[in-house]
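Read off the chains here:
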Amino acid sequence: MKISLALLGLFFFGQASAALPANIKAGEIVQVDIAQLHPTQAAVGYRQLDYKLQRYKGEPKKLFDDYCETMGQKGVKAFSSQSSIATPSSFTCIAAVGSEAGAMKTAVIGPDNALYLTDGHHTFTNFAEVAGLQTPVQVRITDDFRDLKTLAAFWQKMEAARLVWLDTPQGKIQPDALPKQLGRQHMQNDEYRSLVYFVRDVGYAKGSHPPPFPEFYWGQWLEKQLPLGHFDLQDRAGYADAVEAVAEKMTSVPKETVVAQSENGPLTADSLGALPRVNKKALRKLVSATGKLTWAFAQ
């Protein structure tokens, strides 16, 4: 089965569905359209998005597996050439929604009764690009901030809780400059964010309970440590060189090196998962004929 090229890259811009029911509480799972989810970051890694979209085109089962997993349903059980993630009844997942809640994407409710996505910007952006912004998804509500009186108070709370990322490749922004909806055309490209994604398990390991935004923290640090001007990031071989350089940089610094500051104190290379040495086996897999980078540069 092939995913239609016409569907990839197509977005449907429509009115969001009805407002959230007043009885929705923190800890509950709610179904919404992707269009209802407000970003809490202004940038994504375009090359990371490219990887998944090309995988979905070449291996449709991966799309349905990712969708089912993101809904807390473990993976896909059955689908056909007529199945679409825009119509969840057209395929079946292994388990019921929320069976594995830890794998689900998260959101908070703002004082305007809107949903603000706190995890899943890349995943839902790709789902929207495949099937449209009206694609229904399930998200787990972690916090209900409807008791706050203003959006200003809400964003103060979000910053204090590290639930919003206001740094961008063009500099720091104010919350009112965040994109109003998900989508590549609404969000900036962060090259370092993509590189950190691909270097996972090559130069660092993401722990089971990482701090918020570990990829962005690494990216900010790398921006000061490793300029990208001499890498050809539009070429797979050049990109692989950049990945290896990033991994070398992460693994060569002392583990007590402060990468970033957080509300809980400094985040060191060790606390952000830096490996003791570059994982050459994982690097070879990444750049192999079936590796992530090959998919990311597929046409």
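In the block above lies the structure referred to throughout.
Now for a quick tour of the structure. (Residues numbered from 1 in each chain as written. Predicted model: local features only at pLDDT ≥ 70, side-chain atom pairs only at ≥ 80, totals over all residues. Heavy atoms only, no water.)

Below, the discussion takes up the overall build of the chain. Scanning the chain for helices and strands turns up nine helices and eleven strands. Computed over C-alpha atoms, the radius of gyration of the chain comes to 19 Å, within 12% of the 19 Å expected from 2.2 N^0.38 for 299 residues, which places it in the range of a compact globule. With the principal axes as the frame, the chain shows a C-alpha extent of 50 × 50 × 30 Å. The buried share of the chain, reckoned over its 299 residues, is 50%. (Helix = DSSP H or I, 4+ residues; strand = E, 2+ residues; numbered from the N terminus. Rg over C-alpha atoms; globule rule 2.2 N^0.38 Å. Buried < 20%, exposed > 50% of the residue type's maximum accessible area, 1.4 Å probe, protein only.)

Tallied over the full model, the rule gives 20 aromatic pairs. Seen from their ring centres, W165 and Y217 are 5.2 Å apart, and the 85° between their planes marks the pair as edge-to-face. Of this pair, W165 sits in the loop between α4 (151–160) and β9 (188–189) while Y217 is found in helix α6 (residues 214–225), placing the two residues 52 residues apart along the sequence. Comparing W165 with Y217, the two get one shared label, buried. Geometrically, the ring pair formed by F213 and F216 is tilted, given 6.2 Å between the ring centres and 55° between the ring planes. Assigned by exposure class, F213 and F216 land together as buried. Here the aromatic residues F64, Y67, F79, F91, F124 and F127 are joined through ring pairs into a cluster of three or more. (Phe/Tyr/Trp six-rings, centres within 6.5 Å; stacked < 30°, edge-to-face > 60°.)

This part covers the pattern of salt bridges. In total, this model carries twelve salt bridges according to the counting rule given. In this structure, K61 and D65 form a salt bridge, with 2.7 Å as the shortest nitrogen-oxygen distance. Of this pair, K61 and D65 both sit in helix α2 (residues 60–70), four residues apart, which is roughly one turn of the helix. Exposure remark for K61: the relative accessible area of 45% places this residue in the partly exposed category. By sharing partners, the salt bridges in this structure join R47, D50, E129 and R184 into a single network. (Salt bridge = Lys/Arg side-chain N within 4 Å of Asp/Glu carboxyl O.)

Below, the discussion takes up the environment of K62. The topology assignment puts K62 in helix α2. Since its relative accessible area comes to 23%, K62 is described here as partly exposed. Along the sequence, K62 and V76 sit 14 residues apart, while their C-alpha atoms lie 8.7 Å from each other. When neighbours within four sequence positions are excluded, K62 is seen to be in contact with K52, R55 and Y56. (Contact = heavy atoms within 4.5 Å.)

Where helix α8 (residues 280–287) is concerned, the buried positions are A282, L283 and L286. Burial along α8 is one-sided: seen end-on, the buried residues are contained in an arc of 100°. Seen from the buried face of α8, the exposed residues on the opposite side, beyond 90 degrees, are K281, R284 and K285. Contact partners of the buried residues in α8: α5 (191–198), α7 (236–252) and α9 (292–296). Its side-chain oxygen placed 3.2 Å from the backbone nitrogen of K281, N279 serves as the N-cap of α8. (Arc of directions from axis to C-beta. Polar contact = N/O pair within 3.5 Å; in protein donor to acceptor, adjacent residues only side chain to side chain.)

Before going further, it helps to spend a moment on the sheet that holds strand β1 (residues 29–33). With respect to topology, five strands assemble into an open sheet ordered β1-β8-β6-β7-β2, the strand pairing being mixed. Each of the sheet's edge strands pairs with one partner strand only, and the pair in question is β1 and β2 (37–38). As judged from the five bridges shared by β1 and strand β8 (residues 136–144), these two strands associate in the antiparallel manner. Residue pairing in the sheet places V30 in a bridge with V139 of β8. Packed onto the sheet, helix α3 (residues 121–131) meets β2, β7 (115–117) and β8 and runs at close to 155° relative to β8. (Pairing = 2+ DSSP bridges. Axes fitted to C-alpha atoms, helices over the stretch in contact; angles between N-to-C directions.)

Attention now goes to the state of the cysteines. Scanning all chains against the criterion turns up one disulfide. Linked covalently through their sulfurs, C68 and C93 form a disulfide whose S-S length is 2.0 Å. Disulfide C68-C93: the torsion about the S-S bond is -75°, which places it as left-handed. Note that C68 is positioned in helix α2 and C93 in strand β5 (residues 92–93), a separation of 25 residues in sequence. By relative accessible area, which is 0% here, C68 ends up buried. (Disulfide = S-S within 2.5 Å.)

So, on to the packing of α6 against α7. Two measures define how a pair of helices packs: the angle their axes make with one another and the distance between the axes. With their axes 11 Å apart at the nearest point, α6 and α7 run at an angle of 100° to one another. If you check the angle between α6 and α7, you find them roughly perpendicular. Contact residues: W218, W221, L222 and Q225 in α6; V246, K249 and M250 in α7. Classifying every residue of the contact of α6 with α7 by side-chain character gives five nonpolar, one polar and one charged. (Parallel < 35°, antiparallel > 145°, perpendicular 65-115°, else oblique. Nonpolar A, V, L, I, M, F, W, Y, C, P; charged D, E, K, R; others polar.)

Quick look at unusual backbone geometry now. Most peptide bonds are trans, and most residues other than glycine sit at a negative phi. Of note, K74 is a non-glycine position whose phi angle comes to about 75°, a positive value. Take K74: it is sitting in the loop between α2 and β4 (76–78).

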